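In case you want the letters, here they are:
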Amino acid sequence: MHSIRAGARQTTGPAWSRSIAPDIEPGRFFEGEDLWRRTTPFVLGAILPFALLPFAGISATDPRVLVAAALAAVLIAMVYLLPWPRLPASSQALPLLGYFVLVGLLRDGAEGHSSIFDPLVALPVVWFALYGTGRQLALSVLAMGLTLTLPVVIGEAHTDSGDQFVRALFAVALASAVGTAVQLVVHALRRATLESRSILETSQEAFISIDEDGLIREWNPQAERLFGWGRDEIIGRPVHHTIIPRRHRDAHLRGLGRFLAGDDLEMMARRLEVEGLRRDGVEIPIELSISALREGDEWRFHAFVRDISERQAVEAALREAEERFRKAFDDSRVGMALISLDGSFQRVNRALCEICGRTEGSLLGRRFGEIIHPDEQQREVEALRDVADGESYGYRGETRCLHARGHPVWISLTVSPIYDSKGILSYLIAQIEDISERKESEERLTRQALHDSLTGLPNRTLFADRVRMATARRTTQGFAIIYLDLDGFKLVNDTLGHAAGDQVLVEVARRLERLLRAGDTLARLGGDEFALLCEGVGEVEAKTIADRVIYALTRPIGVQDREIVQAASIGISLYGPGVSVEEPDEMLGEADMAMYRAKAAGKSRYALFESWMREGDTDRASLERELRRALAGDEIVVHYQPEVDLISGAITGAEALVRWRHPERGLLEPAQFLFVAEASDLIAEIDDLVLREACRQAALWRAEMPQGESFNVSVNISERRLADPD
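The residue numbering used here restarts from 1 in each chain and proceeds along that chain's sequence as written. Note on the predicted model: pLDDT of at least 70 is required for a residue's local features to be given, and 80 or more for side-chain atom pairs to be given and counted; whole-chain, interface and lining totals, by contrast, use all residues. Water and hydrogen atoms were dropped before computing side-chain values, which therefore reflect all heavy atoms in the structure.

A. The overall build of the chain, seen in detail. In this description a helix means any DSSP run of H or I spanning at least four residues, a strand means any run of E spanning at least two, and both kinds are numbered starting from the N terminus. Secondary structure assignment for the chain yields 27 helices and 21 strands. Partly exposed describes any residue whose relative accessible area lies between the buried limit of under 20% and the exposed limit of over 50%, with all areas from a 1.4 Å probe on protein chains only and scaled to the type maximum. Buried positions account for 41% of the 726 residues belonging to the chain. Contacts between residues were defined by any pair of non-hydrogen atoms, one from each residue, lying within 4.5 Å. Summarising the internal contacts of the chain: among those between residues at least 6 apart in sequence, 57% fall at separations of at least 24. A total accessible area of about 39,300 Å² is found for the chain, and carbon and sulfur atoms account for 54% of it. Surface accessibility follows the Shrake-Rupley procedure with a 1.4 Å probe radius. Residue values consider only the protein chains on display as shielding.

Following this line, the structure appears as structure tokens:
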């Protein structure tokens, strides 16, 4: 052990280790560190044949010698000058194979079959056995055989030719066997050297060896870094005076004495956590395992020591984190639970118990799906299973759980996977928050956004959405839009007040609701306008519904000790399967046109929408032409309805009312012609005319009346005019 550690302390390793070049890849012998250890033998091997020339009786001026010398120079230059790391590994065998040619030339110059140069052919084989690959070794053995036999084959016949072949064959067999064995041994030595070096250099533990007198005999580099003592400084010093804190020294000596006396053999082969003493006097927590080895008559104690300062800090941080998690988990106002991979509760906090109305004991071991509302159970359990199976990383959603008392509770649910240090899914953590109040607020806001605040009926937005849905699922009978406008409702507001008007609207809504079939939609579009969406009806059914509406409104409505009969004009637009449909607003517009036709026909009745109302048929076209002439011929006049203060009886203002003084039909009310104006650009001209006339008249009245500054004239302006920025 001592020799291995001592060898490991040398940066380059022992001489034999450096000679076999353990750091280089076989076949790349002209690369790596200590290159001179391989190039120098090659150069000497290339020069050696020429030193044998006098013994072979060859002249230095022999052409074959000169060619061999030139070849030797080329081979040596190749070794030193070529960029071997950038060339293929197989190319590094060329100088060695060229050496066979060099020897062959000199053997041929010796003009003898048994030459002094013959042993030199073994040098490349030895080289490949030490540094080359198996293929390179086999190639060198073949080249050796050719070098020995080729001159015999191509030269003149000699009496010892047979002996030459036998010697060559024997040399090849011997080189193959010995070379292979040497190569295997060298490769094994390389592996052992590299493994030992790797173990010693990468060891994360300090190694300390002491004798039975307590003197330190071995000390590895990690021990130097751990305790701050250099190896040369501490070898031979007592361990209890160097790395054992003063308060533990007596205990150490007593323990060592008991072991040597044979009274305490159990302390060996155990991991102990104690304090160690650094050279600077700082104590550090260490973990050590001690083994005893009997060497002759003496005991040797070997200890592997590890600094556990970081581990203890991590453990302390982990304990602190666990305590923080426990407090955060238990004291959180959000419900929390640890759920096993099979879906059962492993741990729950107080907030979750309050949300579910259950005790901790009743929840533990219970399946997650058991607390979920039956309508949501399958979806939530599948989502939880996807997280547990690793198909999704976490889940977040809103669902309903089932309170112990049986009522549903809206919750926000977040499920996340928890993995252990090895990346294996351990359990799931769920955060559950009671969002019942938020859901109620959202539902209230949604209802406010989609429903009329007075009657509670759907508003225009929701009605338009229902129309789109009906359009998408039209049956063979299609659907109908029934548009209602209360006749004379403005008079109720003006005479009885808006509170009375609201009471009338609510009662009308209740009566219309009682007429609804399953699947019908009733909406208040605004003011005194209502609309019904009736699916699966044709013209006959739509007319029947309209008759029922008119009849339902014939019964008086009690308001402020009065009875009011609130009639309505109705427009019907039908959309069968074969009829192209537009946007909901356009469909409502068509029903609105039909409603105005009903008003023009005498009110408290209904009218069906016909295409000419939209496309400009003859009747409508003629009415529009007459209206244009009326505007140009001063037939459009303004009447005024006084506004009276009911307390004082004084007239405080007037309302401007447009009328058409028709030369043939007499004085026409707005309902009899404004629907044509609304569908064309004439409405803007009528609005401008009424405004001009009302302003003129208001100015005259203000000038004539004693307190005319407070006298107001009200004018009704169309939506199209208000929407026109000009």
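B. Highlighting the sheet that holds strand 6 (residues 335-339). Think of it this way: DSSP has to see at least two bridges between two strands before they count as a pair. The five strands are arranged 7-6-10-9-8 in an open sheet whose pairing can be described as antiparallel. Of all the strands in the sheet, just strand 7 (345-348) and strand 8 (395-402) have a single pairing partner and so form its edges. Across this sheet, the average inter-strand angle for adjacent strands is 30 degrees, counted without regard to direction. Note that strand 8 and strand 9 (residues 408-419) share eight bridges and pair antiparallel. Opposite arginine 396, over in strand 9, you have threonine 414 as the bridge partner. Axis angles are defined between N-to-C directions and span 0 to 180 degrees, where every axis is a line fitted to C-alpha atoms and, for a helix, only to the segment in contact. In the packing of helix 17 (residues 436-450) onto the sheet, contacts are made with strand 8, strand 9 and strand 10 (425-434), and the angle to strand 9 comes to roughly 125 degrees.

C. Region of interest: helix 26 (residues 682-704). Working rule for helices: expected span equals 1.5 Å times residues minus one. In this model helix 26 runs 33 Å from its N-terminal to its C-terminal C-alpha over 23 residues, within 8% of the 33 Å that 1.5 Å per residue would give. Of all the residues in helix 26, the buried ones are Leu682, Ile683, Ile686, Asp687, Leu689, Val690, Ala694, Gln697 and Ala698.

D. Local environment of the environment of leucine 486. Along the chain, leucine 486 turns up in strand 11 (residues 479-486). In this structure, the C-alpha to C-alpha distance between leucine 486 and phenylalanine 530, residues 44 residues apart in sequence, is 8.5 Å. Once you skip the residues sitting within four places of it in the chain, leucine 486 turns out to touch Leu505, Val508, Asp528, Phe530, Gln566, Ala567, Ala568 and Lys599.

E. Looking closely at helix 3 (residues 36-51). Here helix 3 spans 22 Å end to end across 16 residues, near enough to the 22 Å set by a 1.5 Å rise per residue. Three or more residues of helix 3 are buried, namely Arg38, Thr39, Phe42, Val43, Gly45, Ala46 and Pro49.

F. The pattern of salt bridges, seen in detail. One speaks of a salt bridge when a side-chain nitrogen belonging to Lys or Arg is within 4 Å of a carboxyl oxygen belonging to Asp or Glu. Applying the stated criterion across every chain, the model contains 37 salt bridges. A salt bridge links arginine 278 to aspartate 280; the nearest nitrogen and oxygen atoms lie 3.6 Å apart. On the accessibility criterion, aspartate 280 (54% relative accessible area) is exposed. The closest approach of N and O atoms between arginine 514 and glutamate 507, which form a salt bridge, is 3.9 Å. The class of arginine 514 is exposed, set by a relative accessible area of 55%. Each of Arg271, Glu273, Glu287, Arg311 and Glu315 takes part in salt bridges that share partners, so that together they form one network.

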